[in-house]
Amino acid sequence: MTSKRFVLTFPPDATGEPITYNLIKKFDIMVNIVKADVSPGKIGHLVMEMSAPAKVLKEGLEYIRQKNVECEPIDKKIHYREDLCIHCGACSAVCFAGALTMGRKTAELSFDPDKCVVCELCLKSCPLNLFSIDIG
Ligand code: SF4
Ligand code: SF4
């Protein structure tokens, strides 16, 4: 049995096919949705853990990608240069996972790596290019 977290990115014109339902019913994959941000007509993100024998998991991933949905494993880490941050908040505005937040009272940026799903949206958002990816 293999368990792994993935980020699924749905195109704005996604058909609405019940992908997670089909993964469970047709492939017998255990699915645990960690985070969902999906609205009709917009790019959507879904973070989920999938558990199944490796062969079945591979078939499920092929099915997802056939539906024009990007599916990336979470095996990278995000780093940022906290010492150079000017707390402008631009990165927190794009971080749908809630890993980057601005303190209401302090107006300072906080980063919670446990919530990060490595969507990489913050990389482009920072005017000082303080984010980088650690592939490991
Ligand atoms: S990669 Fe950046 S924007 Fe995406 S979840 Fe992690 S901290 Fe947030
Ligand atoms: S976008 Fe860059 S400078 Fe602005 S709060 Fe985020 S890390 Fe700091």
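All of these numbers come straight from a predicted model, not from anything done at the bench.

Cut-offs used in this document
Residues numbered from 1 in each chain as written. Chains lettered and ligands numbered in written order. Predicted model: local features only at pLDDT ≥ 70, side-chain atom pairs only at ≥ 80, totals over all residues. Heavy atoms only, no water. Helix = DSSP H or I, 4+ residues; strand = E, 2+ residues; numbered from the N terminus. Buried < 20%, exposed > 50% of the residue type's maximum accessible area, 1.4 Å probe, protein only. Contact = heavy atoms within 4.5 Å. Lys, Arg positive; Asp, Glu negative; His and termini not counted. Charge placed at Lys NZ, Arg CZ, Asp CG, Glu CD. Core = buried A, V, L, I, M, F, W, Y, C linked by side-chain atoms within 4.5 Å. Pairing = 2+ DSSP bridges. Axes fitted to C-alpha atoms, helices over the stretch in contact; angles between N-to-C directions. Domains from an automatic or database assignment. Buried area = accessible area lost by both parts, 1.4 Å probe. Polar contact = N/O pair within 3.5 Å; in protein donor to acceptor, adjacent residues only side chain to side chain. Salt bridge = Lys/Arg side-chain N within 4 Å of Asp/Glu carboxyl O.

Draft legend 1. The arrangement of the overall build of the chain in detail. Each helix and strand counted, the chain has four helices and eight strands in total. From first element to last, N terminus to C terminus, the chain shows the α and β order β-α-β-β-α-β-β-α-β-β-α-β. Counting the 136 residues in the chain, one finds 34% classified as buried. Sequence separation of at least 24 residues holds for 64% of the intrachain contacts in the chain that already meet a minimum separation of 6. Positive and negative side-chain charges of the chain, numbering 17 and 17 respectively, have mean locations separated by a distance of 3 Å.

Draft legend 2. Expanded view of the nonpolar core. Counting 19 residues, the largest nonpolar core has Ile78, Cys91, Leu100, Leu109, Val117, Cys122 and Phe131 as its most contacted members. Those residues in contact with Ile78 that sit more than four places away from it in its chain are Phe111, Cys116, Val118, Cys122, Leu123, Phe131, Ser132 and Ile133.

Draft legend 3. Geometry of the sheet that holds strand β3 (residues 44-52). Here four strands make up an open sheet; going across it, the order is β2-β3-β1-β4 and the pairing antiparallel. Strands with a single pairing partner mark the edges of an open sheet, and in this sheet they are β2 (30-37) and β4 (70-73). Pairs of neighbouring strands in the sheet enclose a mean axial angle of 25°, with direction left out of account. Note: strand β1 (residues 2-10) against β4, four bridges, orientation antiparallel. Bridge assignment links Phe6 to a residue of β4, and that residue is Pro73.

Draft legend 4. Representation of the environment of Met1 within the structure. In this structure, Met1 sits in the segment before β1. C-alpha of Met1 to C-alpha of Asp112: the two residues are 111 residues apart in sequence and 29 Å apart in space. Discounting chain neighbours no more than four positions away, the residues touching Met1 are Ser51, Ala52 and Pro53.

Draft legend 5. Representation of the domain arrangement of the chain. As far as domains go, the chain holds domain 1 (2-73) and domain 2 (76-135). Centre-to-centre separation of domain 1 and domain 2, based on C-alpha positions: 25 Å. Listed as interface residues are five residues of domain 1 and, on the opposing side, four residues of domain 2. When domain 1 packs against domain 2, the two sides together hide about 520 Å² of surface, and 71% of this comes from carbon and sulfur. The three residues of domain 1 that bury the most area against domain 2 are Val7, Lys35 and His45, which together make up 62% of that side's buried surface.

Draft legend 6. The side chain of Ser125, seen in detail. Residue position: Ser125 is located in helix α4 (residues 121-125). Here Cys122 takes part through its backbone oxygen, which lies 2.9 Å from a polar atom of the side chain of Ser125.

Draft legend 7. Broad picture of the pattern of salt bridges. Scanning the entire structure with this criterion turns up five salt bridges. Note that Glu49 is salt-bridged to Arg5, the shortest N-O span being 3.8 Å. Of this pair, Glu49 sits in strand β3 while Arg5 sits in strand β1; the two residues are 44 residues apart in sequence, bridging distant segments of the chain. A salt bridge links Asp83 to Arg81; its shortest N-O distance comes to 2.7 Å.

Draft legend 8. Summary view of unusual backbone geometry. A positive phi angle is found at Asn68, which is not glycine, with a value near 65°. Here Asn68 shows up in the loop between α2 (54-66) and β4. For Asn68, a relative accessible area of 55% translates into the label exposed. A positive phi angle, close to 55°, is found at Ala107, a residue other than glycine. By the element assignment, Ala107 lies in the loop between β6 (100-102) and β7 (109-111).

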